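The chain contents come next:
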Amino acid sequence: MDQVDRIVAQWNAERPDLDVGPMATLGRLKRLADHLLAEVAEVYKAHDLTAASFDVLATLRRAGAPYALSPSALIGWTMVTSGTMTNRLDRLEEAGLIERRANPEDGRGSVVALTPAGFALIDQVVAEHVANQARLVALLPEDLRGPMDAALRVWLAAFEGDVAG
């Protein structure tokens with residue numbers, strides 16, 4: 001029995017009229033997410049980054065050369081408000097990891113670009129991040145990974161639909 005089983009057993013004893021099975025599923029997902037996020041955060045912390053700053057740098061890096069996006073594109077990829085994005089960009093710019101430039105395609109707008117230091121840092125951190133993710137996923141037996149990923153894809157699509165594009 002794990003902690004979630006004990007909680008479910010208590011509810012079953014106290015409220016046998018309720019089907020608390022979904023509580024077990026969601027409770028395990030929440031507890032697992034907490035553990036995984038803490039493990040992932042250790043890689044960021046080792047490089048004086050947060051999950052938020054990693055997200056911005058990684059989004060710029062995976063966008064491909066010239067490693068620059070408009071602020072609105074960054075907001076779309078990271079799903080934060082413009083005020084939140086401004087604060088993130090201010091901190092990253094202060095650290096010398098990004099710079100704001102005039103948009104070469106539209107002189108009225110701007111783009112956010114990785115600096116050479118930002119590019120070097122995100123390349124190092126993303127390699128460590130991927131290795132850490134592999135380590136964490138390896139804790140799940142290999143024969144369960146594919147079916148679990150498929151189930152999670154279906155479940156997530158129920159909330160997000162087809163977000164391709």
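Below is a summary of the structure that appears in this document. Keep in mind that what you see is a predicted model, and the values were worked out from it rather than measured. Every chain is numbered independently, its residues counted from 1 as its sequence is written. Only residues with pLDDT of at least 70 get local features here, since the model is predicted, and only at 80 or more are side-chain atom pairs given and counted; chain-wide, interface and lining totals rely on the full set of residues. Here the side-chain values reflect all heavy atoms present in the structure, with hydrogen atoms and water set aside.

## Some thoughts on the packing of aromatic side chains
1) Next: Two aromatic rings, drawn from Phe, Tyr or Trp (for Trp, its six-membered ring), form a pair once their centres lie within 6.5 Å of each other, and the interplanar angle then sorts them: stacked below 30 degrees, edge-to-face above 60, tilted otherwise. Applying the stated criterion to the full structure yields 2 aromatic pairs.
2) Next: Placement of a charge over a ring requires the Lys NZ or Arg CZ to be within 6 Å of the ring centre, with the centre-to-atom vector within 35 degrees of the ring normal. The aromatic ring of Trp77 is capped on one face by Arg62, whose charged end is 5.3 Å from the ring centroid.

## So, the pattern of salt bridges
1) Next: Think of a salt bridge as a Lys or Arg side-chain nitrogen and an Asp or Glu carboxyl oxygen that are within 4 Å of each other. In this structure the tally under the stated criterion is 10 salt bridges.
2) Next: In this structure, Asp123 engages Arg61 in a salt bridge whose closest nitrogen and oxygen atoms are separated by 2.6 Å. Taken as a pair, Asp123 in helix α6 (residues 116–137) and Arg61 in helix α3 (residues 51–62) lie far apart in primary sequence, 62 residues in all.
3) Next: For every residue, the accessible area (1.4 Å probe, protein chains only) is compared with the maximum for its type, and the residue is labelled buried under 20%, exposed over 50%, or partly exposed between those bounds. A relative accessible area of 25% means that Arg61 is categorised as partly exposed.
4) Next: The closest approach of N and O atoms between Arg153 and Asp149, which form a salt bridge, is 3.2 Å. Taken as a pair, Arg153 and Asp149 lie in helix α7 (residues 142–160) at a separation of 4 residues, close to a single helical turn.
5) Next: Take Asp149: its relative accessible area is 42%, and that puts it in the partly exposed class.
6) Next: Where salt bridges share partners, they join Asp2, Asp5 and Arg28 into one cluster. Labels follow the DSSP assignment, with helices taken as runs of H or I lasting at least four residues and strands as runs of E lasting at least two, numbered in each case from the N terminus.

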